[in-house]
Amino acid sequence: TFSVKLDLPLVRQGAPPPDDDGGGGHLVSTAATHETPIQSTAEAEETRGLSLDGLRVLVADDSKMNRMVATMILQNLGCVTTMVEDGAAAVAAVRAQREAGTPFAAVFMDVQMPVMDGLEAVAAIRKLEGGAAHTLVVASTGFGGAD
């Protein structure tokens, strides 16, 4: 078993993070665990050298800070990134890349954004795709409500 932990800025409840554009999304520390045992030191070394060279990824988030952090992480893995601020811009970017013959391999989509939220944007993207293979969409949210 291996896990990945990203230490991201912790923010006091209700306070915007430093240099945030007021978009409302906040990042917190998170960890993800993958249940595949690493068999040898050689395999462990290979895993550390993970590269996603040239993978085209869209980052859609209304928080400038969240876009920048996600983009830095993805670019360090070798991804080619595009950033947008809302769901409508995400749909437009996906459409443009598909029409250019260079579709995104993945989209990191904030759920709560102005103009068009992430869920509406994913529905519009799925409609664009029709019967074609679906683009991987990774949803994220800073929602921390009681519900």
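Residues numbered from 1 in each chain as written. Predicted model: local features only at pLDDT ≥ 70, side-chain atom pairs only at ≥ 80, totals over all residues. Heavy atoms only, no water.

K.L.:
Give me the lowdown on unusual backbone geometry, citing residues and values where you can.
P.N.:
Positive phi is not limited to glycine here, since V115 has a value of about 70°. Residue placement: V115 occurs in the loop between β5 (106–110) and α4 (118–129). (Helix = DSSP H or I, 4+ residues; strand = E, 2+ residues; numbered from the N terminus.)

K.L.:
Report on the pattern of salt bridges, specifying residues and quantitative values.
P.N.:
Scanning all chains against the criterion turns up two salt bridges. One salt bridge connects R126 with E129, and the closest N-O pair in it is separated by 3.0 Å. Of this pair, R126 and E129 both sit in helix α4, separated by three residues, roughly a single helical turn. By relative accessible area, which is 25% here, R126 ends up partly exposed. The class of E129 is buried, set by a relative accessible area of 3%. (Salt bridge = Lys/Arg side-chain N within 4 Å of Asp/Glu carboxyl O. Buried < 20%, exposed > 50% of the residue type's maximum accessible area, 1.4 Å probe, protein only.)

K.L.:
Quick one: what's the story with the pairing of strand β6 (residues 136–140), residue by residue and with numbers?
P.N.:
Looking at chain direction, β5 and β6 are connected through five bridges and run parallel. Of the residues in β6, the one forming a bridge with F108 is V138. With α4 bridging β5 and the parallel β6, this β-α-β connection has right-handed handedness. (Pairing = 2+ DSSP bridges. Right-handed = clockwise from strand over helix to strand, strands pointing away.)

K.L.:
So what about the packing of helix α3 (residues 87–99) against α4? Which residues, and what values?
P.N.:
Remark: α3 packs on α4, axes separated minimally by 9 Å, with the N-to-C direction vectors making an angle of 20°. Relative to α4, α3 is oriented roughly parallel. You can see that α3 and α4 cross each other, and the crossing is right-handed. Every residue of α4 that contacts α3 at G87, V91, V94, R95 and R98 is listed here: A121, A124, I125, L128 and E129. When grouped by side-chain class, the residues that make up the contact of α3 with α4 number six nonpolar, one polar and three charged. (Axes fitted to C-alpha atoms, helices over the stretch in contact; angles between N-to-C directions. Parallel < 35°, antiparallel > 145°, perpendicular 65-115°, else oblique. Left-handed = near helix turned anticlockwise from the far one by under 90°. Contact = heavy atoms within 4.5 Å. Nonpolar A, V, L, I, M, F, W, Y, C, P; charged D, E, K, R; others polar.)

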